[in-house]
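Architecture at a glance
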Amino acid sequence: MSDLEKIIKNINNKNLHKALELCELYDNSNNSHIIHNLKGVIYHLQNNLEMAEICFQKSFKLNENILDPLKNLYIIYNKTKKIEEMINIGKKLVEKNQLDPSFNYKLAFAFDLKKNFSEAIKYYKICIELNGKERNFALNNIGSIYLKQNKPKSSLDYFLKALSLGQNDKVVINNIFSNYIKLKDKKNSDIFYLKAENI
């Protein structure tokens, strides 16, 4: 078993103190970027988000071709509500790979939190066009944006597209129900009320 495998095994077994000790023991110039990312994971699991952030930042600085530290930083910034940092990380991820639907979704979601809805919709649509696994969320989120903007007909189109991808998605069904209420469509609001009740 390699040194890194030993660390990962201890992380998976929730033996985090031992995993940190092994990180210190095995850190060298060839693997320091990986070690710092693993240390960030350990600190994240310990809910020490400040140290996790420091380790992920150092890991990325040591090797900017490895994207895991950026993805991990995005998670930390989401948890700590650092929206501008989330946007910056989202932009870096998209710069690294414009065709990754997940990276486009992350950037869209950060813009959505910032209430920059035009940019959010732009990147959600890219995620959808790239057939990303998050396309259902992207469709739902675009629908939610249009509903917030008091555009219930536009929002309904996106909610219904999201529903076509996940027939039992209670969030989408509830959004469609709310949408029909806003449109004062009693017949369809009753149908989706019953659907929501039966899930």
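What you are looking at is a predicted structure, and each value in this text was computed from that prediction instead of being measured.

Bringing the environment of D169 into the picture now. Considering the arrangement of structural elements, one finds D169 in the loop between helix 10 (152-165) and helix 11 (170-182). Taking the C-alpha atoms as reference points, D169 and A196, separated by 27 residues in sequence, lie 9.0 Å from one another. Only 3.1 Å separates the side chain of D169 from the side chain of N136, close enough to count as a polar contact.

Attention shifts here to the packing of aromatic side chains. Applying the stated criterion to the full structure yields six aromatic pairs. Taking 5.5 Å as the distance between ring centres and 50° as the angle between the ring planes, the aromatic pair formed by Y105 and Y124 counts as tilted. Placement of Y105 in helix 7 (residues 101-113) and of Y124 in helix 8 (residues 117-129) is noted, with a sequence separation of 19 residues between them. One exposure class covers both Y105 and Y124, and it is buried. For the ring pair F111 and Y123, a centre distance of 6.0 Å and an interplane angle of 20° mean the geometry is stacked. Here F111 is found in helix 7, whereas its partner Y123 is found in helix 8, with twelve residues between them in sequence. Every member of this aromatic cluster is reached through a ring pair, and the members are Y105, F109 and Y124. Sitting over the face of the ring of Y158, K161 holds its NZ or CZ atom 5.0 Å from the ring centroid.

Right, let's talk about helix 1 (residues 3-12) for a bit. Buried within helix 1 we find I7, N10 and I11. Buried positions in helix 1, seen along its axis, are confined to an arc of 105° and lie on one side of it. On its buried face, helix 1 sits against helix 2 (16-26) and helix 3 (32-45). Looking one or two residues past helix 1, K14 carries a phi angle of roughly 65°, positive in sign.

Turning to the side chain of E134, a few remarks are in order. Inspection of the secondary structure puts E134 in the loop between helix 8 and helix 9 (135-148). For the buried E134, no salt bridge exists, and the shortest N-O distance to an oppositely charged side chain is 4.7 Å, to K133.

Running from N to C, helix 3 and helix 4 (residues 49-62) cross one another at 165°; their axes reach a closest spacing of 8 Å. By the criterion of interaxial angle, the relationship of helix 3 to helix 4 is roughly antiparallel. In the packing of helix 3 onto helix 4, the handedness of the crossing is left-handed. Packed against helix 3, whose contacting residues are S32, H33, H36, N37, K39, G40, V41, Y43 and H44, the element helix 4 presents L49, M51, A52, C55, F56, K58, S59 and L62 at the interface. Per-class residue counts for the contact of helix 3 with helix 4 are eight nonpolar, seven polar and two charged.

Next up on the list: the pattern of salt bridges. A pair can form between side chains of opposite charge whenever their charged atoms are brought close. Under the definition given, this model contains five salt bridges. Ionic pairing is found between E24 and K39, a salt bridge with its closest N-O pair at 2.8 Å. Highlighted residues: E24 in helix 2 and K39 in helix 3, separated in sequence by 15 residues. A salt bridge links D68 to K71, with the shortest nitrogen-to-oxygen separation between them at 3.3 Å. With D68 and K71 both in helix 5 (residues 68-79), this residue pair falls three residues apart, about one helical turn.

Time to look at unusual backbone geometry. The phi dihedral of K115 is positive, around 70°, even though this residue is not glycine. Assignment of secondary structure puts K115 in the loop between helix 7 and helix 8. Positive phi values are uncommon outside glycine, yet N150 reaches one of about 60°. Relative to the elements of secondary structure, N150 occurs in the loop between helix 9 and helix 10.

Thresholds, definitions, all that
Residues numbered from 1 in each chain as written. Predicted model: local features only at pLDDT ≥ 70, side-chain atom pairs only at ≥ 80, totals over all residues. Heavy atoms only, no water. Helix = DSSP H or I, 4+ residues; strand = E, 2+ residues; numbered from the N terminus. Polar contact = N/O pair within 3.5 Å; in protein donor to acceptor, adjacent residues only side chain to side chain. Phe/Tyr/Trp six-rings, centres within 6.5 Å; stacked < 30°, edge-to-face > 60°. Buried < 20%, exposed > 50% of the residue type's maximum accessible area, 1.4 Å probe, protein only. Lys NZ or Arg CZ within 6 Å of the ring centre and 35° of its normal. Arc of directions from axis to C-beta. Contact = heavy atoms within 4.5 Å. Lys, Arg positive; Asp, Glu negative; His and termini not counted. Salt bridge = Lys/Arg side-chain N within 4 Å of Asp/Glu carboxyl O. Axes fitted to C-alpha atoms, helices over the stretch in contact; angles between N-to-C directions. Parallel < 35°, antiparallel > 145°, perpendicular 65-115°, else oblique. Left-handed = near helix turned anticlockwise from the far one by under 90°. Nonpolar A, V, L, I, M, F, W, Y, C, P; charged D, E, K, R; others polar.

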